[in-house]
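This is what each chain is made of:
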Amino acid sequence: MRIFRTKAVSTADCSGSGLKRCLGALDLTLLGIGAIIGTGIFVLTGIAAATQAGPAVVLSFVFAGLACAFAALAYAELAACVGGCGSAYGYSYAAFGELIAWIIGWDLILEYAISVAAVANGWSGYFANALTAIGLELPDALTKAPEKGGLINLPASAIIFLLMLLLIVGVKESARLNTVMVSIKVLAITVFVAVASAHVDPAYWDPFLPFGWFGHDANGKPVGVLAGASIVFFAYVGFDAVSTAAEEARNPMRDVPIGIIGSLVFCTLIYIVVAGLLTGVVPYTELNVSSPVAHALQLLGIRWASGLVATGVIAGLTTVMLVLYYALTRIIFAMSRDGLLSPWFSAVNRRTQTPVRVIVLCGLFISLVAGFVPLGELAELVNIGTLFAFVLVCLGVIVLRVTRPELHRPFKTPVVPWFPILGALSCSALMAFLPALTWLRFVIWLGLGIMIYFAYSYRHSRLAD
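Quick caveat, the model's predicted, so the values are computed rather than measured.

Undergrad: Sorry if this is basic, but what is going on with the overall build of the chain here?
TA: The number of helices and strands found in the chain is 15 helices and two strands. Taken against the 2.2 N^0.38 rule, which gives 23 Å for 465 residues, the C-alpha radius of gyration of the chain at 21 Å falls within 12% of a compact globule. For the C-alpha atoms alone, the extent of the chain along its principal axes is close to 65 × 45 × 40 Å. Taken across its 465 residues, the chain has 57% of its residues classed as buried. Taking the contacts inside the chain whose residues are at least 6 apart along the sequence as the reference set, 82% of them involve residues at least 24 apart. Within the structure as shown, the chain displays about 17600 Å² of accessible surface, and the carbon and sulfur contribution to it stands at 68%.

Undergrad: Just checking my understanding: could you explain the packing of helix α6 (residues 154–169) against helix α11 (residues 303–337) for this structure?
TA: Think of two packed helices as two axes; the pair is described by the angle between the axes and how far apart they sit. Running from N to C, α6 and α11 point in directions that differ by 55°, and their axes come no closer than 10 Å. Between α6 and α11, the interaxial angle falls into the category oblique. Along this stretch, α6 crosses α11, giving a crossing that reads as right-handed. When α6 is examined against α11, the residues Ile159, Ile160, Leu163, Met164, Leu166 and Leu167 are found in contact with a partner set consisting of Thr318, Met321, Leu322, Tyr325 and Tyr326.

Undergrad: Please explain the pattern of salt bridges as it appears in this structure.
TA: Note that side chains of opposite charge can pair when their charged atoms are close. One pass over the structure, following the stated rule, counts four salt bridges. For the salt bridge of Arg5 with Glu98, the shortest nitrogen-to-oxygen distance reads 2.8 Å. One end of the pair, Arg5, is in the segment before α1 (25–36); the other, Glu98, is in helix α5 (residues 98–133), and 93 residues separate them in sequence. On the accessibility criterion, Glu98 (0% relative accessible area) is buried. One salt bridge connects Glu406 with Arg404, and the closest N-O pair in it is separated by 2.5 Å.

Undergrad: What exactly am I supposed to notice about the packing of helix α3 (residues 57–81) against helix α14 (residues 418–432) here?
TA: Two numbers describe how α3 lies on α14: the axes approach to 8 Å, and their chain directions differ by 135°. Accordingly, the angle class assigned to the pair α3 and α14 is oblique. Between α3 and α14 lies a crossing of left-handed hand. Contacts between α3 and α14 involve Ala64, Ala67, Phe70 and Leu73 from the first element and Phe419, Leu422, Gly423, Ser426, Cys427 and Leu430 from the second. A breakdown of the residues in the contact of α3 with α14 according to their chemical character gives eight nonpolar, two polar and no charged.

Undergrad: When you look at the nonpolar core in this model, what are you seeing that I'm missing?
TA: Note that soluble globular proteins tend to have their nonpolar side chains buried in a common cluster. By size, the foremost hydrophobic cluster in this structure holds 147 residues, and its most contacted members are Tyr75, Tyr89, Phe192, Phe239, Met321 and Tyr325. Top contributing element to this core by residue count: α5, with 18 residues.

Undergrad: I'm lost on unusual backbone geometry in this one. Help?
TA: The general pattern is negative phi for most residues beyond glycine and trans for most peptide bonds. Between Asp206 and Pro207 the backbone carries a cis peptide bond, its omega angle lying at 5°. Within the fold, Pro207 resides in the loop between α7 (171–197) and β1 (215–216). With an omega dihedral of 10°, the bond running from Val416 to Pro417 counts as a cis peptide bond. Along the polypeptide, Pro417 turns up in the loop between α13 (378–403) and α14. Look at Val415: it is not a glycine, yet its phi comes out positive at around 55°.

Undergrad: Is there a simple way to think about the packing of aromatic side chains in this case?
TA: Given two aromatic rings, their pairing is described by the distance between the two centres and the angle made by the two planes. Counted under the stated rule, the structure contains 15 aromatic pairs. Relative to Phe390, the ring of Tyr75 lies with its centre 5.6 Å away and its plane at 80°, an arrangement referred to as edge-to-face. Taken together, the positions of Tyr75 in helix α3 and Phe390 in helix α13 put the pair 315 residues apart, joining distant regions of the chain. Judged on exposure class, the residue Tyr75 and its partner Phe390 are both buried. Taken together, a centroid distance of 4.4 Å and an interplanar angle of 10° make the contact between Trp106 and Trp445 stacked. Of the two residues, Trp106 is situated in helix α5 and Trp445 in helix α15 (residues 436–460); the sequence distance between them amounts to 339 residues. Owing to a relative accessible area of 11%, Trp106 belongs among the buried residues under this scheme. These aromatic residues form a ring-pair network of at least three members: Trp102, Trp106, Trp445, Tyr453, Phe454 and Tyr458. Across from the ring centre of Tyr458, 5.1 Å away, lies the NZ or CZ of Arg5, which sits over that ring.

Undergrad: What's the story with α1 in this structure? I'm lost.
TA: Note that an α-helix has 3.6 residues per turn; residues three or four places apart therefore point the same way. The first and last C-alpha atoms of α1 sit 17 Å apart over twelve residues, in line with the 16 Å expected at 1.5 Å per residue. The buried fraction of α1 amounts to eleven of the twelve residues, a majority that puts the element mostly inside the structure.

Undergrad: I'm lost on helix α10 (residues 292–299) in this one. Help?
TA: Turning to α10, its buried residues number three or more, namely Pro292, Val293, Ala294, Ala296 and Leu297. Just downstream of α10, Gly301 is the residue with a positive phi angle, here 80°.

Cut-offs applied
Residues numbered from 1 in each chain as written. Predicted model: local features only at pLDDT ≥ 70, side-chain atom pairs only at ≥ 80, totals over all residues. Heavy atoms only, no water. Helix = DSSP H or I, 4+ residues; strand = E, 2+ residues; numbered from the N terminus. Rg over C-alpha atoms; globule rule 2.2 N^0.38 Å. Buried < 20%, exposed > 50% of the residue type's maximum accessible area, 1.4 Å probe, protein only. Contact = heavy atoms within 4.5 Å. Areas by Shrake-Rupley, 256 points an atom, 1.4 Å probe, with all protein chains shown as cover. Axes fitted to C-alpha atoms, helices over the stretch in contact; angles between N-to-C directions. Parallel < 35°, antiparallel > 145°, perpendicular 65-115°, else oblique. Left-handed = near helix turned anticlockwise from the far one by under 90°. Salt bridge = Lys/Arg side-chain N within 4 Å of Asp/Glu carboxyl O. Nonpolar A, V, L, I, M, F, W, Y, C, P; charged D, E, K, R; others polar. Core = buried A, V, L, I, M, F, W, Y, C linked by side-chain atoms within 4.5 Å. Phe/Tyr/Trp six-rings, centres within 6.5 Å; stacked < 30°, edge-to-face > 60°. Lys NZ or Arg CZ within 6 Å of the ring centre and 35° of its normal. Expected span 1.5 Å × (residues − 1).

Dropping the structure here:
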């Protein structure tokens, strides 16, 4: 069937894309760290501990990290042998065919766009608090969405426009800012670890499993270690963004796998250490706040460290937005180049060597959503989309090993097919622990995407020629 037509695998296809090859392995690793360390470690760690897992949130991070590890190995193999800037979209196009590729691409557009808007809302809160601390308090009308009693969340919209300008200038300049911001937030985390290590009280870890492994609270909401894992999984969203930079990497077959695996390993270790210390210095019941790491230091009376961590939060959330925004534009660029979206989106500016049209369009949309819509529960919607992409990437490794055994694979996922199968199963399990409403929203979005595919993409695909 034509809807399952596959795209030929050739890492040389991107040589004339117009994008600038300027990123090395270190750039890509820092890109991944920039995307991963943010909302998860600075916000969700405390919320998951207080409401779903208690001190056993450490185990939640371990389970979520294992699921991501299997997926990361699959991403690394496909990035090395398939390449392209479309991430899971491009891999699915080569393994499963056009319709599945469109579905995953449409899914990734939702994942990255909503992620950036949601993180912008969190960034706005920290930025407003910082202004208040120096006597420049903004009125509620300019820091809250209309639904919350304000006019617009101005800081959330403004930061998106600043990032838009930065991405237009060029990817290397964006990578340099990301490196500086990553350094700041890693320094903030280091300070927290050093200070908290001297104030650990093992009594706070008892009981270790107050919510058990899995269950439901009085309102029917999933709780326990496994339910916590399905939420803190949001903390790992971002390492896959490294694969969208394949066409701007100097040596993608070597550097992209290093960036994906290196950033995931580093961040997983950081998460486990911080989660353990966080629940060891204050009661887990005190952590259901918007900035649990800084809040814990305040409860310890160490205000200078709390202020430094708050600075790290602002830097951390900035890099998360930057990398996810970048990944969103590259996925749309790839889909447009394949004919599944209008060719208008795949134009590259000759001077900056960046897809300016896509960057501007995405920036306008995300800034409006961030400024006018409060995004309270959309982390779950982001999670289900990411997990769905991970499942297909894991299965894609198995399919291509069978259908294209002759492909040059500079990096190979070990223990195939078992590691990819474990990855698909573990990611599917985490999806199962998400609420029914999240599933409904996800199905509606995919249904809309399928209608667009048959109305436009099916007839305009380059493979239809």
